Amino acid sequence: MKEQGKPHAGAHREKIIILDFGGQYSMLIARRIRELGVYCELLPYNTRLEELLEQKPVGIILSGSPASVYREGAPQSDPGLFESGIPVLGICYGMQLLTRQLGGKVVRGSRSEFGRTPFTVVEPNPLFTGGIFGDPAACCGWMSHQDEVLEPPPGFKVLARSENGTLAAIGDDSRKLYGLQFHPEVVHTPGGSEVLQRYLYDVCGCSGSWTPRSFIEEEVADIRARVGETERVVCALSGGVDSSVVAFLLDRALADRAVFIFVDHGLLRLGEAEQVTELYSRRLRGQFIHINARDRFLKKLEGVIDPEEKRQIIGHEFIDVFKEEALSMGDIAYLAQGTIYPDVIESGSVNGAAVIKSHHNVGGLPEELGFELIEPLRELFKDEVRLVGAELGLPEGMIKRQPFPGPGLAVRIIGDITAEKLRLLQQADAIFREEIDKAGLKDELWQYFAVLTGINVVGVKGDDRHYGPVIAIRAVTSEDAMTADWARLPLELLEKISARITGEIPEAARVVYDITSKPPGTIEWE
Ligand code: XMP
């Protein structure tokens, strides 16, 4: 990483560290903590203790894990952690690990608990106070475990018991060590956020300084400090939320010393390139360069049908176009780009998830370009990027823009790509988006778009036989694109969209609605 050795903008931030043991909710814990106004970072469970302490966390959370603590080779934390005086909260596996490492007993339970499980608070403690916990009968936690804590470690008290008798929470107030068998981070645990809030504010003594405004102030100061008084920064714009927020941050920090390059590959949605150009050239003080590279991309993509090959070609071509332009500008040492936190974690992932599609191939410019990287969003989750964007005054349409793949419509045209197919897809997609917008459903959907399926079928238009393409429309709900469900759009709306697409686009022969969730499908078709 280029930034090594440099004092980071957030170096002095109040921080919680989540040690990731590979549980499915680790990322969600991090998001919840941030939502509660406290900055946090995920680190691999085996991070050395000295390294952890150097970061001066005000609290440490041990995540869940698919492992069993008593199995050989189970992931462990450094036992010195519990002597460090830093408050620790173990969640699920984290609680079992803490129990075992501190001399308590964990066994494979006679019955597992999955899903909503009522529990009763049996001992007054700082985690379960007030609100919903004033009424012990109302407590309920989302559980997902087979192992259970049979005996808490010496010095710990049982704080809560599930209706099955298992230990739902344990704690040692004097050492500020706590364990929860349920998952406070999931929405199915009523009061879960309150438990985390109590841990952050009452146990760890957090002040809640993580806000979009404080982030912007820190980053602006950091960018200025790194770039100095005279140097310039170049920034690749894609029209998406992340690069737009970077652009507006640079604008605030450097005014006209930022140069923006928008490579228009011609694979954007109808009118998008024009909107982007209009917004940026009007609102940014630095030089804005719009490169119309549509023909160049189309030529490279001629006859290509394999989706991964399309991605590779677009990624390489993007870099080439950008490189030619950026290098022709002379003495610019810095390149800013919109890498966000999930990208950072994925690349250093504990589990090494399988690569299903080679994402992030557009916009991720290689180090060989010789620039020093500025990545102001590398600590942010997507929803935080949006909050920062709003605070910076970006238009709502830009902030709420649905995710759009870097390779654009190229992966929504099944088979080879031609100018004609692009035009057709853009039209169908525009109709679909307009209708969703009019129906007021935009904010409920994660993504909604049209796909040119590459299949031609027979139909009848007017009195004539018609042979033309099948257009698929897809709308999904999702939290994070890892899983998604197809949206139950009203039938009348689907009817209207179908009628408009086949009526307004002479070539379109048929419209189908995709009713596949993810998994087993993916959101995109390619
Ligand atoms: P899938 O299709 O894998 O998509 O379920 C998950 C999310 O990623 C987006 N996506 C991409 N984004 N480059 C990107 O930057 C890509 O090549 C790419 N492919 C899919 C997709 O739109 C969805 O939000």
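Report on the accompanying structure. Keep in mind that what you see is a predicted model, and the values were worked out from it rather than measured.

1. Considering the overall build of the protein chain
Scanning the protein chain from N- to C-terminus turns up 14 helices and 18 strands. Overall, the protein chain is about 80 × 60 × 40 Å in size when its C-alpha atoms are taken along their principal axes. Here the protein chain holds 526 residues, and the buried ones make up 55% of them. Partitioning the intrachain contacts of the protein chain with sequence separation of at least 6 by distance along the chain shows that 78% fall at a separation of at least 24. Across the protein chain, 57 positive and 77 negative side-chain charges occur, with their mean positions spaced 1 Å apart.

2. What about unusual backbone geometry?
Cis peptide bonds are those with omega within 30 degrees of zero, and the linkage from K518 to P519 qualifies with -15°. Unusually for a residue other than glycine, K56 sits at a positive phi of about 50°. Looking at the secondary structure, you find K56 in the loop between helix 2 (49–54) and strand 3 (59–62). In this structure, C92 takes a positive phi of about 55° despite not being glycine. The exposure class assigned to C92 is buried, which follows from its relative accessible area of 6%.

3. Here's the deal with the sheet that holds strand 10 (residues 233–237)
Pairing is parallel across the open sheet formed by five strands, whose spatial order is 12-11-10-13-14. The open sheet terminates on both sides in strands that have one partner only, identified here as strand 12 (287–292) and strand 14 (372–374). Across this sheet, the average inter-strand angle for adjacent strands is 25°, counted without regard to direction. Alignment of strand 10 against strand 11 (residues 258–264), held across five bridges, turns out to be parallel. Its bridge partner lying in strand 11, V233 is registered against A258.

Calculation criteria
Residues numbered from 1 in each chain as written. Predicted model: local features only at pLDDT ≥ 70, side-chain atom pairs only at ≥ 80, totals over all residues. Heavy atoms only, no water. Helix = DSSP H or I, 4+ residues; strand = E, 2+ residues; numbered from the N terminus. Buried < 20%, exposed > 50% of the residue type's maximum accessible area, 1.4 Å probe, protein only. Contact = heavy atoms within 4.5 Å. Lys, Arg positive; Asp, Glu negative; His and termini not counted. Charge placed at Lys NZ, Arg CZ, Asp CG, Glu CD. Pairing = 2+ DSSP bridges. Axes fitted to C-alpha atoms, helices over the stretch in contact; angles between N-to-C directions.

Honestly, it's all geometry; don't read function into it.
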